[in-house]
Amino acid sequence: WPAKDEWDFENLGTSNHPFIKANYPHHEGIWGWGNVGDQVVLMVRNIRRSLVEYHDILWDIGYAKTWEDASLNLQNLYSEAPPIEDFFAWRDERVMEEIHWYGWFIDYWME
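Note that the coordinates shown come from a computational prediction; the quantities given were computed from them, not determined experimentally. (Residues numbered from 1 in each chain as written. Predicted model: local features only at pLDDT ≥ 70, side-chain atom pairs only at ≥ 80, totals over all residues. Heavy atoms only, no water.)

A. Inspection of helix H4 (residues 84-110) at higher detail. Here H4 spans only 34 Å end to end across 27 residues, well under the 39 Å set by a 1.5 Å rise per residue. Remark: the principal bend of H4, roughly 65 degrees, maps to Arg94. All of the buried residues along H4 are Phe87, Trp90, Arg94, Glu98 and Phe105. For H4, the secondary structure elements touched by its buried residues are helix H2 (47-60). (Helix = DSSP H or I, 4+ residues; strand = E, 2+ residues; numbered from the N terminus. Expected span 1.5 Å × (residues − 1). Bend = angle between axes of the 7 residues up to and from the residue. Buried < 20%, exposed > 50% of the residue type's maximum accessible area, 1.4 Å probe, protein only. Contact = heavy atoms within 4.5 Å.)

Printed below as a string of structure tokens:
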């Protein structure tokens, strides 16, 4: 794989991957690569698409809160689309929090 997730670095060890997909400093992300991740290219997607995709991944892994729990459901990633009603319920409950986290994430990397 050309890219590795920050959860993989934390739980499976450091490796020589040219790209690291990270949610850090997102409230569910972790800094898993110690002092070897010293350069950043920040790509920011449209928040409307990002929220849908973030929910879809959470749904795929059963809304897991830990790497261990998420890893039990990795085979479910991208296997089917969640019911739109599940997204609407999650969105209506979390939209203001997620917008806050989205802005905080950008502010973190821009400082």
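Further notes follow.
B. Here's a closer look at the environment of Leu72. If you trace the backbone, Leu72 turns up in the loop between helix H3 (67-71) and H4. Taking the C-alpha atoms as reference, Leu72 lies 9.5 Å from Gly62; in sequence the two are 10 residues apart.

C. Spotlight on the pattern of salt bridges. Under the definition given, this model contains 4 salt bridges. Across the salt bridge formed by Arg91 and Asp92, the nearest N and O atoms sit 2.9 Å from each other. Take Arg91: its relative accessible area is 31%, and that puts it in the partly exposed class. Among the salt bridges present, the one from Glu98 reaches Arg94, with a minimum N-O distance of 2.3 Å. In this pair, Glu98 and Arg94 both sit in helix H4, 4 residues apart, roughly one turn of the helix. Like Glu98, the residue Arg94 is buried in the burial classification. It is possible to trace a salt-bridge network through shared partners that takes in Arg94, Glu97 and Glu98. (Salt bridge = Lys/Arg side-chain N within 4 Å of Asp/Glu carboxyl O.)

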